[in-house]
Amino acid sequence: SAVISQKPSRDICQRGTSLTIQCQVDSQVTMMFWYRQQPGQSLTLIATANQGSEATYESGFVIDKFPISRPNLTFSTLTVSNMSPEDSSIYLCSGQGIGDEQFFGPGTRLTVL
Amino acid sequence: EDKVVQSPLSLVVHEGDTVTLNCSYEVTNFRSLLWYKQEKKAPTFLFMLTSSGIEKKSGRLSSILDKKELFSILNITATQTGDSAVYLCAVLHDYKLSFGAGTTVTVRA
């Protein structure tokens, strides 16, 4: 299974600012994804991070709010822009290998004041 | 609209009990069904099921998929307090995972 690291593990931010979350996998994966888990809820897919091209966003998520980069096969970033308290969530990245299993990073707990 | 429904939403059992968690789904282009355990932040992978009727086991946990009736169950036997967690069912369809709401299992000593 892939080992996935994320940083920061948590942050407290002021509204109107932006935070960039980094995700690193220890082996090549075919696909990388970003999820959001709001308090008390399940995981919701934000977007698929595509290597060297624009991410594919799910309904309700837009590039201006959640810009994503994936410069190579094992690294991706998610930026949460112009934050508001409603953005307070856990943000998780995942990697999917050839066998379709998805493994998750430890998550980033974001609190926006 | 794609749906993944888990039941029950929560349950409380005592150590040594057996629990059965349910997951039903309606999605287009089904590929596989995955179970995860979530204790604090990151979901931990448990099983991936692709074929009907083939039970997967890992210690006291087991799971099976019925692709005709579109559901899966996750069993935990001889429960321990360390089994307390949220159990998530997710369905891989097309290229993405859709998650159910999760079942919160609390095991009391």
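Scope of this entry: the structure provided in the associated data block. (Residues numbered from 1 in each chain as written. Chains lettered and ligands numbered in written order. Predicted model: local features only at pLDDT ≥ 70, side-chain atom pairs only at ≥ 80, totals over all residues. Heavy atoms only, no water.)

A short note on the interface of chain A and chain B
- Residue-level contacts link 24 residues of chain A with 18 residues of chain B.
- There are two salt bridges connecting chain A and chain B.
- The shortest N-O distance in the salt bridge between Asp 100 of chain A and Arg 31 of chain B comes to 2.7 Å.
- The interface formed by chain A and chain B includes six residue pairs in polar contact (both at pLDDT 80 or more). (Contact = heavy atoms within 4.5 Å. Salt bridge = Lys/Arg side-chain N within 4 Å of Asp/Glu carboxyl O. Polar contact = N/O pair within 3.5 Å; in protein donor to acceptor, adjacent residues only side chain to side chain.)

Quick notes on the packing of aromatic side chains
Residues and elements named next belong to chain B.
- Tallying each qualifying case throughout the model produces eleven aromatic pairs over all chains.
- Here the aromatic rings of Tyr 25 and Phe 30 are separated by 4.9 Å at their centres, their planes lie at 15 degrees, and the arrangement is stacked.
- Judged by relative accessible area, which is 22%, Phe 30 ranks as partly exposed. (Phe/Tyr/Trp six-rings, centres within 6.5 Å; stacked < 30°, edge-to-face > 60°. Buried < 20%, exposed > 50% of the residue type's maximum accessible area, 1.4 Å probe, protein only.)

Topic: the sheet that holds strand S3 (residues 19–25) of chain A
Residues and elements named next belong to chain A.
- If you walk across this open sheet you meet the four strands as S1-S3-S8-S7, and the pairing is antiparallel. Looking at strand neighbours, the two that pair on one side only are strand S1 (4–7) and strand S7 (68–72), the edges of this open sheet. Adjacent strand axes in the sheet meet at a mean angle of 15 degrees when their direction is disregarded.
- In the sheet, S1 pairs with S3 via four bridges, with the strands oriented antiparallel. Of the residues in S3, the one forming a bridge with Ser 5 is Gln 24. (Pairing = 2+ DSSP bridges. Helix = DSSP H or I, 4+ residues; strand = E, 2+ residues; numbered from the N terminus. Axes fitted to C-alpha atoms, helices over the stretch in contact; angles between N-to-C directions.)

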